[in-house]
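The residues making up each chain are set out below.
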Amino acid sequence: KTYKIAVVNGDGIGTEIVPAGVSVLDAVAEKYGFNLDKEEFPFGAGYFRKHGKFMSDDALDILKKFDAIFFGAVGLPEVDDTLPAKDYTFRVRTSFEQYVNYRPVKLFPGVESPLRYKTEKDIDFVVVRENNEGEFVQSGKIMHGDKPGGMAMDTSIFTRFGIERIAHYSFKLARKRNNKVTNVTKSNTLINSLAYWDRVIAEVAKEYPDVEYTKMYIDNASASFVLRPEIFDVILTTNLFGDILSDLGGAIMGSLGLGGSGNINPEKDFPSMFEPIHGSAPDIAGQNIANPIGQIWSAAIMLEHLGETEAAKNIMDGIEATTAKGNLTKDLRGTASTSEVAQSVVEFIKTT
Ligand code: NAI
Ligand code: MG
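All figures in this text were calculated on a predicted structure; none of them were measured in a lab.

S.K.: Any details on the site of ligand 1? Residues and values, ideally.
M.R.: Neighbouring residues of ligand 1: 23 residues in total, closest G75, G257, H278, G279 and N291. Residues belonging to the shell around ligand 1 are distributed by class as follows: 10 nonpolar, nine polar and four charged.

S.K.: Requested: an account of the UniProt feature "domain: Isopropylmalate dehydrogenase-like" (unreviewed entry) in the chain, with residues and values cited.
M.R.: Summarizing the sequence annotation, UniProt attributes the feature "domain: Isopropylmalate dehydrogenase-like" (unreviewed entry) to residues 4–345 in the numbering used throughout. For residues 4–345, helix accounts for 40% and strand for 22%, while the C-alpha atoms at its two ends are 23 Å apart.

S.K.: Explain the sheet that holds strand 4 (residues 100–106) to me, using residue names and the numbers behind them.
M.R.: Read from one edge of the open sheet, 10 strands run 2-1-3-12-11-4-5-10-8-9, paired in mixed fashion. On the outer flanks of this sheet lie strand 2 (35–40) and strand 9 (212–217), each paired with one strand and no other. This sheet shows a mean twist of 25° between the axes of neighbouring strands, independent of strand direction. Summarising the sheet, strand 8 (residues 180–185) and strand 9 pair through six bridges and their orientation is parallel. Residue pairing in the sheet places T185 in a bridge with Y217 of strand 9. Contacting strand 8, strand 9 and strand 10 (234–237), helix 6 (residues 193–205) runs over the sheet at an angle of about 165° to strand 8.

S.K.: Please give an account of unusual backbone geometry that cites residues and values.
M.R.: Of note in the backbone geometry, K268 takes a positive phi value of approximately 60° without being a glycine. Along the polypeptide, K268 turns up in the loop between strand 11 (260–264) and strand 12 (272–276). For A281, which is not glycine, the phi torsion reads 40° and is therefore positive. For A281, the position within the fold is in the loop between strand 12 and helix 9 (293–306). Residue A281 is classed as buried on the basis of its C-beta count, with 23 C-beta atoms lying within 10 Å.

S.K.: For the nonpolar core, give the residues involved together with the corresponding values.
M.R.: For soluble globular proteins, the rule of thumb is that nonpolar side chains tend to be buried together. Counting residues in each nonpolar core, the largest one holds 97 residues, and the members touching the most others are V24, F70, I235, I296, A299, I315 and V345. For this core, the domains that each give at least three residues are domain 1 (1–98 + 260–352) and domain 2 (113–253).

Scoring rules and cut-offs
- Residues numbered from 1 in each chain as written.
- Chains lettered and ligands numbered in written order.
- Predicted model: local features only at pLDDT ≥ 70, side-chain atom pairs only at ≥ 80, totals over all residues.
- Near = placed C-beta within 6 Å.
- Nonpolar A, V, L, I, M, F, W, Y, C, P; charged D, E, K, R; others polar.
- UniProt positions renumbered as here; feature names shortened; annotations may be inferred.
- Helix = DSSP H or I, 4+ residues; strand = E, 2+ residues; numbered from the N terminus.
- Pairing = 2+ DSSP bridges.
- Axes fitted to C-alpha atoms, helices over the stretch in contact; angles between N-to-C directions.
- Contact = placed C-beta atoms within 7 Å.
- Buried ≥ 20, exposed ≤ 12 C-beta atoms within 10 Å, placed from the backbone.
- Core = buried A, V, L, I, M, F, W, Y, C linked by C-beta atoms within 7 Å.
- Domains from an automatic or database assignment.

Encoded structure:
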């Protein structure tokens, strides 16, 4: 079997961690007997500096023909930071109806969580972030910005269609895990958009009587991430809240660099895109010290999506073996380089 994979390194540490992830993908492809037909695309802020745009005009038409997109992150300090999402990330996510942002949070063996009383069994849940609408639709404007009467607004958009599909995905996911969905909301103050969000989710919940459904406000949920993460199984939340909570999830795992994710179109009408939860980390780029595990985990999530379950599992076992050995990058107080950590996962795959 052959899968067509578009590889987009992006900017900053993307050019270090994506090749690290690809080396792991190549190792499992050889072991499990499938082919990866990979093509690289230079899109991102670096591309913008040469061409005045984050990707070529025909990029979406080209990417559409792939089975998946393996992506790092885009954005550079010297490039206008309102552009990466507008011209690349949000554009790909919406154009390809990747309405699920699947972001697991899990404590790996050998990694110390800043929550020092919590163990591997306490920190193991998934943030399901609505990925196509909500607060990130980028509909708004700045008016008379330079004048005393200046003002600005961004409008959030929530549709019944959009809420229902992310809710169904979350309840189905909970059935494969521990049968519990927590809707993280703020309907006590966002009394239109999020009250409607809650109402539609509660309706969908009725179709899954076997799944425990609860609602929690984002402020309480943030505290609970730190104080009692063991209460969570599947968190269903909006685009903005999910963005913030997944960085907090990365933090309680021990480092932002550990978090993998999938921007998923569950119907497989379009390619899905797999990337770490963090950004391009320009502050540590070019030093071979970035943690590649979030990128490698994203590779496993991609293979799971493509149906290569055993290969995905083998990658996860390789990550755990690597962290358990104390083979850690600087963000986890280790001394290993980006390539050494990736090499350790590759060795595990080749020798098991
Ligand atoms: P960031 O996630 O890039 O970095 C935040 C902090 O975490 C930094 O101190 C960084 O060194 C550290 N970090 C992140 N990934 C790491 C890794 N793999 N290993 C070790 N340490 C790691 O967030 P920041 O600084 O807010 O944004 C930088 C750029 O990335 C901006 O241009 C932003 O727009 C862009 N960005 C792009 C995203 C995407 O393409 N999906 C997502 C988030 C931000
Ligand atoms: Mg983010």
